[in-house]
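Structural features, examined
Letter by letter, the chains look like this.
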Amino acid sequence: MKKNMGNLDRGLRIGAAVIIGILYATHVINGTFAIILGILALVFIATSFISFCPLYAPFKLSTYRAKK
């Protein structure tokens, strides 16, 4: 897998996952909606750590800048 996520993209995804976790922990979200957002948060965390988004690949999108 070739990296296709830049640092800003990764940071935003981790931030969104943290916010979802906080909303769940404070019972602001619950039920089916919380489960769906929880799964999305896990996907955000996973893709951030591997720096690869499978949805970017078919469209040949990339926010990753190679270091010079």
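Let me begin by describing the structure that accompanies this report. Within every chain, residues take consecutive numbers counted from 1 along the sequence as written. Per-residue local features of the predicted model are confined to residues with pLDDT of at least 70, and side-chain atom pairs are confined, for both listing and counting, to 80 or more; whole-chain, interface and lining totals are unaffected and use all residues. Remark: hydrogens and water are excluded; side-chain values derive from all non-hydrogen atoms of the structure.

So, about helix H2 (residues 31-50). For the purposes of this entry, the term helix denotes a DSSP run of H or I that reaches at least four residues, the term strand denotes a run of E that reaches at least two, and both are numbered from the N terminus. For a helix, the expected span equals 1.5 Å multiplied by the number of residues minus one. Compared with an ideal rise of 1.5 Å per residue, which puts 20 residues at 28 Å, H2 spans 29 Å between its outermost C-alpha atoms and is within 8% of the ideal. Only protein chains enter the accessibility calculation, which uses a 1.4 Å probe; a residue is then buried when its area is under 20% of its type maximum, exposed when over 50%, and partly exposed in between. Within H2, the full set of buried residues consists of Ala 34, Leu 37, Ala 41, Phe 44, Thr 47 and Ser 48. Relative to the axis of H2, the buried residues are bounded by an arc of 155 degrees and lie together on one face. The outward face of H2, more than 90 degrees from its buried face, is lined by the exposed residues Thr 32, Ile 35, Ile 36, Ile 39, Leu 42 and Phe 49. In this analysis, two residues are considered to be in contact whenever any of their non-hydrogen atoms come within 4.5 Å of each other. Among the structural elements, helix H1 (7-25) are those in contact with the buried residues of H2. Relevant arc is that of directions from the helix axis to the C-beta atoms, nothing else.

So, on to the packing of H1 against H2. Contact geometry of H1 with H2 gives a least axis separation of 9 Å together with a crossing angle of 150 degrees. By the angle between their directions, the pair H1 and H2 is classed as roughly antiparallel. H2 is crossed by H1, and the crossing has left-handed handedness. Here Arg 10, Arg 13, Ile 14, Ala 16, Ala 17, Ile 20 and Tyr 24 of H1 lie close against H2, whose contacting residues are Ala 34, Leu 37, Gly 38, Ala 41, Phe 44, Ile 45, Thr 47 and Ser 48. For helices, the fitted axis covers only the stretch in contact; all axes are lines through C-alpha atoms, and the angles between them, taken along N-to-C directions, range from 0 to 180 degrees. Roughly parallel here means an angle under 35 degrees, roughly antiparallel means over 145, roughly perpendicular means 65 to 115, and every remaining angle is called oblique. Should the near helix be turned counterclockwise from the far one by less than a right angle, the crossing is left-handed, whereas a clockwise turn marks it as right-handed.

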